[in-house]
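Examining the three-dimensional arrangement
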Amino acid sequence: LIGNYLIQFLLSNRGNKEISSHITGTALKQLPIKQLKNIKVPIPKIEEQSAIGSLFRTLDDLLASYKDNLANYQSLKATMLSKMFPKSGQTVPEIRLDGFEGEWDLIKLGDFCDLITKGTTGKSQSEQGMVNFVKVENLKDNEIYPIVKISEEEHFGSLKRSILYEGDILFSIAGTLGRTAIVKNNILPANTNQALAIIRGYKLDTYFLLVVLSGEVVKDYIRKNPTVGAQPNLSLEQVSSLKIKIPSLDEQQAIGSYFSNLDNLINSHQEKITQLGTLKKKLLENMFI
């Protein structure tokens, strides 16, 4: 009996059922050696055992490789976030992309935006409509994953003020502060609630602003305004008054592009890990009878 084949069988549904059927005890469950020996294992020819073991070993190696790369990209992003933006009291970053120099300017967010508003709490959220209703928990890794639906009647009626448009930046101002995402065409039509600020008509590079808002800006504000921490929420006036450091538009675009590419790599690795995990689960379900 080939070891890797046996390991994969014990990880499969069939293997789990076999193990469960031999577990003893109620409060403290255990699998005595005597019972372990009684577990029934379906055994094909040695060549098939070898092929099955090899298949799962390849899958496991791929998963481990993608997980290692993901960890490396996430570590790189954390490092670059701390070094590519000026620290408190400084006007230039520690690391800079080639071709850029000069001091960064300190601005107030509201001075560089046409509109900073927030969503409206919907009444029905019946999940029966055609319009995505975005909440704070639907924002993850700068992307939007809407779940709840509302009706078009509500969207164009009582929630008309908070209709979302392509290019809007969403910024969480209640509960978990500082989650961000860009509204893309693929989730429209969409609306949002009052826990999310809508930033529109900004005179800054989109992804640069997204990265800045999801970085240290909110943490710095909370440190300087301890009352925010006691009841985690920001008013629209406070969002408008957030101070951020910005370089020239060309450098903003270069930084935005750098982090956009890095986030794409991170997201693609996360998706691949999910796909490989799903594939392995299906194979474990179907390859052992």
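These remarks concern the structure in this document. Only a predicted model underlies this, so the values are computations on that prediction, with no experimental measurement involved. (Residues numbered from 1 in each chain as written. Predicted model: local features only at pLDDT ≥ 70, side-chain atom pairs only at ≥ 80, totals over all residues. Heavy atoms only, no water.)

Looking now at the overall build of the chain. Assigned secondary structure in the chain consists of ten helices and eleven strands. Taking all 289 residues of the chain together, the buried fraction comes to 38%. For the chain, the share of sequence-separated contacts (at least 6 apart) that also reach a separation of at least 24 residues comes to 73%. Counting every atom, the chain has about 16,400 Å² of accessible surface; 52% of that belongs to carbon and sulfur. (Helix = DSSP H or I, 4+ residues; strand = E, 2+ residues; numbered from the N terminus. Buried < 20%, exposed > 50% of the residue type's maximum accessible area, 1.4 Å probe, protein only. Contact = heavy atoms within 4.5 Å. Areas by Shrake-Rupley, 256 points an atom, 1.4 Å probe, with all protein chains shown as cover.)

With that settled, consider the environment of Tyr 5. The residue Tyr 5 is located in helix H1 (residues 3-11) in this model. The sequence separation of Tyr 5 and Phe 56 amounts to 51 residues, and the corresponding C-alpha distance is 8.4 Å.

Turning our attention to the packing of helix H4 (residues 46-83) against helix H10 (residues 249-286). Two elements in contact, H4 and H10, have axes separated by 9 Å at closest approach and are oriented at 155°. Judged by the inter-axis angle, H4 sits roughly antiparallel to H10. Handedness of the crossing formed by H4 with H10: left-handed. Considering only residue class, the contact of H4 with H10 consists of 21 nonpolar, five polar and six charged. (Axes fitted to C-alpha atoms, helices over the stretch in contact; angles between N-to-C directions. Parallel < 35°, antiparallel > 145°, perpendicular 65-115°, else oblique. Left-handed = near helix turned anticlockwise from the far one by under 90°. Nonpolar A, V, L, I, M, F, W, Y, C, P; charged D, E, K, R; others polar.)

Judged by nonpolar contacts, the single largest core of 35 residues is most densely connected at Phe 85, Leu 109, Phe 171, Ile 199, Leu 209, Ile 244 and Phe 259. With seven residues, the single largest contributor to this core is helix H6 (residues 206-213). If we ignore the near neighbours within four places in the chain, the residues touching Phe 171 are Gly 178, Arg 179, Thr 180, Ala 195, Leu 196, Ala 197, Ile 199, Leu 213, Val 218, Leu 234, Val 239 and Leu 242. (Core = buried A, V, L, I, M, F, W, Y, C linked by side-chain atoms within 4.5 Å.)

Mapped onto the fold, Asp 205 is located in the loop between strand E10 (196-200) and H6. One buried charged side chain, Asp 205, makes no salt bridge at all; its nearest oppositely charged neighbour is Lys 184, positioned 13 Å away. Here Phe 208 takes part through its backbone nitrogen, which lies 3.0 Å from a polar atom of the side chain of Asp 205. Once you skip the residues sitting within four places of it in the chain, Asp 205 turns out to touch Leu 249, Gln 252, Gln 253 and Gly 256. (Lys, Arg positive; Asp, Glu negative; His and termini not counted. Salt bridge = Lys/Arg side-chain N within 4 Å of Asp/Glu carboxyl O. Polar contact = N/O pair within 3.5 Å; in protein donor to acceptor, adjacent residues only side chain to side chain.)

Per the counting criterion, the structure on display carries five aromatic pairs. Ring centres of Phe 85 and Phe 208 lie 5.9 Å apart, and the angle between their planes is 35°; this geometry places the pair in the tilted category. Of this pair, Phe 85 sits in the loop between H4 and strand E1 (105-108) while Phe 208 sits in helix H6, placing them 123 residues apart in sequence. One exposure class covers both Phe 85 and Phe 208, and it is buried. Counting every residue linked through ring pairs, the aromatic cluster contains Phe 85, Trp 104, Phe 208, Tyr 258 and Phe 259. (Phe/Tyr/Trp six-rings, centres within 6.5 Å; stacked < 30°, edge-to-face > 60°.)

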